[in-house]
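# Fold and contact review
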Amino acid sequence: MVCFQSLKREGFDMIRALAWLGFIACFSLGLLFPWSKTPLIMALCYGMASMGVAIMMRAGQVSFGHALYAAIAAYSVAFAARSFPEWDGLLLLLIGVLASSLAAALIGLFVVRYRGIFFGMLNLALSMVVFSMLGKFYNLTGGTDGLRINRPTLFNHTLERDTFETSLLMLCLLLAAVLVWGVQRYYKSASGEALAGIKSNETRLEYLGLSAKRILWNAYILSAALVGLSGALFGLVQGLVTPDIGSWFRSGEYVFISILGGSGHAFGALLGAAVFEAVKLFAAAYMTGVWQLILGVTLIIVILVAPDGIVGLLQKRKPPTGEAP
Amino acid sequence: MSALLETKGLQLSFGGVVAADHIDFVLQRGERLAVIGQNGAGKTTFINICTGFLKPASGQVFFNGVEVTHQLPRQIVRLGLGRSFQLPQLFLDHTVRQCLEIAAAGRSGKLSFFKSLSDSVDGREVDDTLALVGLQQRAHDPALALPEGQRKLLDIAMALMLRPQLLIMDEPTSGVASEDKMALMDTVMQALTERQVTSWFVEHDIDIVNRYATRVAAWIAGKVAADGPPADVLSNPQIQREVLGTH
């Protein structure tokens with residue numbers, strides 16, 4: 001326990017060490033056990049999407065509809081890939097991210113005016129509208145059967161299924177690493193700290209000459225871009241997009257992972273996704289039928305033991321300086 | 001002296017309660033105005049109208065000769081009108097220093113996305129302001145850990161980071177132990193003098209009004225009932241009866 005306490009004081013180094021360890025573990029797992037590649041990619045995708053949802057949580061806002069942006073990105077990828085089969089996988093990803101960011105820029109104008117339960121429910125409502133449209137417009141979207149995406153080239157190479165998955169895993173790992181670094185930089189920037197200020201005091205922001213709506217709008221676009229990226233990757237790895245990618249259930253899973261991992265550090269979402277996927281895999285294998293129960297109990301334990309998520313346990317608590325209050 | 005803030009015919013009611021009853025008011029540059037009045041007399045409403053938080057039913061507000069009646073608080077703040085609150089409005093999850101850094105970043109209006117907060121503001125200026133209100137020792141403590149008096153000082157310091165020409169303070173000494181009030185006001189007034197900021201504060205303690213104000217305005221039922229040098233206003237029988245309750 002003493003050892004753990006002293007390690008905890010080195011909190012940020014511990015997060016960095018865990019991050020390196022995690023990336024190396026994913027890398028070796030994927031190479032050693034080919035079957036693990038798809039679940040690893042899925043976990044990383046969940047992690048990146050939840051990182052997006054966690055950004056909004058920094059401002060104290062919980063969106064129950066962010067899977068909408070995964071759906072917009074994935075369907076954009078599908079439409080583009082079906083119209084232009086020669087387009088490269090990277091270009092398709094870029095299209096997906098752009099489409100979700102653009103949609104968020106428009107929808108954001110409206111939803112950043114609301115806070116708390118209204119923000120959450122508005123996002124949910126909008127995502128459900130799109131979800132049902134995707135299921136109904138059969139001619140355009142393939143209805144609930146979804147749309148197939150033929151395997152595109154990657155870095156201008158035509159790849160077999162196995163190599164394609166390995167490349168995607170490497171790409172996901174690289175993207176996740178860059179995003180953890182970039183999003184953490186954002187959290188510590190003036191914009192990111194002002195975003196956290198929305199959670200504690202919007203009135204003061206306004207009286208500092210700052211627009212809380214503008215700050216939240218920027219964050220909203222960033223968060224949607226991350227969810228969009230994960231949706232586009234989902235589409236590529238599965239070779240199929242169905243309306244399920246935009247369902248409220250998915251949005252709920254992202255919220256679940258964000259709470260599990262914690263929003264104190266950008267890496268939290270990836271940790272949450274790792275635990276989420278691991279619990280889901282084990283529970284599904286050994287306790288079929290009650291895996292939701294296991295997930296629920298896990299979340300209750302985390303909320304009771306670590307209200308700031310797993311990453312909150314690892315973070316450095318600064319020793320108080322100066323006189324006692 | 002020149003007029004820094006001017007209102008013409010400000011009028012606002014909440015239901016049947018008249019909170020601002022045709023207020024014509026001029027604040028000169030360099031004044032230290034104390035606003036007194038009982039609870040509900042309309043003191044904070046007047047502040048809220050002048051800072052753009054509430055819109056008047058009729059009338060106009062001018063700051064530095066510019067009409068600001070229909071501007072948003074953040075636009076008026078940018079013109080040089082700072083405000084502190086009866087309940088300090090702080091970023092309680094941030095450290096004292098970070099609170100001031102966010103304020104400094106706010107003044108520039110451009111928030112970086114990538115550069116760290118402390119790198120994007122002038123650290124010396126933050127240090128100066130911390131020293132000005134005597135909070136250097138608490139710089140790295142969370143704002144949440146501060147006692148009420150220091151919270152008030154941090155609230156004022158955040159407003160001062162914007163280099164305002166006028167600072168409006170709503171009850172800067174409320175919630176502070178009576179033996180600490182004078183020390184708090186000494187610190188605040190010294191800071192305001194050093195930064196050459198015109199000030200206006202709402203206050204219930206007559207000793208503080210007497211000691212720090214150059215002008216007193218007494219509010220009764222949404223109106224300025226008396227306005228002038230402290231000695232005149234505080235000896236006015238109507239004010240003694242209806243505001244001070246001494247008679």
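Residues numbered from 1 in each chain as written. Chains lettered and ligands numbered in written order. Predicted model: local features only at pLDDT ≥ 70, side-chain atom pairs only at ≥ 80, totals over all residues.

The next subject is the overall build of chain B. Helix and strand content of chain B: nine helices and ten strands. With the C-alpha coordinates aligned to their principal axes, the bounding extent of chain B is approximately 55 × 40 × 35 Å. For chain B, the proportion of its 247 residues judged to be buried stands at 45%. In chain B, 64% of the contacts between residues at least 6 apart in sequence involve partners at least 24 apart. (Helix = DSSP H or I, 4+ residues; strand = E, 2+ residues; numbered from the N terminus. Buried ≥ 20, exposed ≤ 12 C-beta atoms within 10 Å, placed from the backbone. Contact = placed C-beta atoms within 7 Å.)

Time to look at the overall build of chain A. Secondary structure assignment for chain A yields 15 helices and two strands. Taking 20 Å as the expected radius of gyration for a compact globule of 325 residues, we find that chain A reaches 20 Å, a close match to that expectation. By its C-alpha atoms, chain A is 70 × 45 × 40 Å across when sized along the principal axes. Expressed as a percentage of the 325 residues in chain A, the buried residues total 48%. The long-range share in chain A, meaning contacts at least 24 apart out of those at least 6 apart in sequence, stands at 79%. (Rg over C-alpha atoms; globule rule 2.2 N^0.38 Å.)

Our next topic: the interface of chain A and chain B. On the chain B side, the residues contacting the 27 residues of chain A number 35 residues. Looking at the side of chain A that touches chain B, the elements that each hand over two or more residues are α8 (161–188), α9 (190–200) and α10 (202–206) of chain A. Among the elements that take part in the side of chain A that touches chain B, α9(A) stands out by supplying eight residues, more than any other. The residue inventory of the side of chain A that touches chain B, partitioned by class, reads nine nonpolar, ten polar and eight charged. (Nonpolar A, V, L, I, M, F, W, Y, C, P; charged D, E, K, R; others polar.)

Here we take up the sheet that holds strand β5 (residues 66–67) of chain B. Residues and elements named next belong to chain B. Reading across the sheet, the four strands line up as β2-β1-β4-β5 and stay open at both edges, with antiparallel pairing between neighbours. Both outer strands of the open sheet, β2 (17–28) and β5, are each paired with one neighbouring strand and no more. Taken together, the five bridges between strand β1 (residues 3–14) and strand β4 (residues 58–63) define a ladder with antiparallel strand orientation. By the bridge assignment for β4, T7 is matched with V61. (Pairing = 2+ DSSP bridges.)

Moving on, we come to the pairing of β2(B). All names here are of chain B. Judged from the nine bridges that link them, β1 and β2 form a sheet pairing that is antiparallel. Each residue of the ladder has a partner; that of L5, found in β2, is L27. Where β1 folds back onto β2 in an antiparallel hairpin, the turn is made up of two residues, including G15, whose phi is positive at roughly 60 degrees.

Here the focus is the sheet that holds strand β7 (residues 166–169) of chain B. Residues and elements named next belong to chain B. The strand order across the open sheet built from six strands is β6-β7-β8-β3-β9-β10, with neighbouring strands paired in mixed fashion. The open sheet has two free edges, formed respectively by β6 (81–84) and β10 (223–228), since each of these has just one partner strand. Direction aside, the axes of adjacent strands within the sheet are offset by 20 degrees on average. Where β7 and strand β8 (residues 198–202) come together, four bridges link them in parallel fashion. Among the inter-strand pairings, L166 is bridged to a residue of β8, identified as T198. Along the sheet, helix α9 (residues 237–244) makes contact with β3 (32–37), β9 (215–220) and β10, crossing β9 at roughly 60 degrees. (Axes fitted to C-alpha atoms, helices over the stretch in contact; angles between N-to-C directions.)

The subject of this paragraph is the packing of helix α3 (residues 37–58) of chain A against helix α12 (residues 248–261) of chain A. Residue and element names in this part refer to chain A. Orientation of α3 relative to α12, taken along the N-to-C sense of each, is 75 degrees, at an axis distance of 8 Å. Of the possible angle classes, the one that applies to α3 and α12 is roughly perpendicular. Residues Y46, A49, S50, V53, A54 and M57 of α3 touch α12, and the partners they reach there are Y254, V255, I257, S258 and G261. When its residues are assigned to classes, the contact of α3 with α12 shows eight nonpolar, three polar and no charged. (Parallel < 35°, antiparallel > 145°, perpendicular 65-115°, else oblique.)

All names here are of chain B. When pLDDT is averaged along chain B, the result is 91; 99% of the residues meet or exceed 70. For chain B, the element scoring lowest by mean pLDDT is α9, at 85; β7 scores highest, at 95. In the predicted assembly, ipTM is 0.89 and pTM is 0.90. (pLDDT = per-residue confidence, 0-100.)

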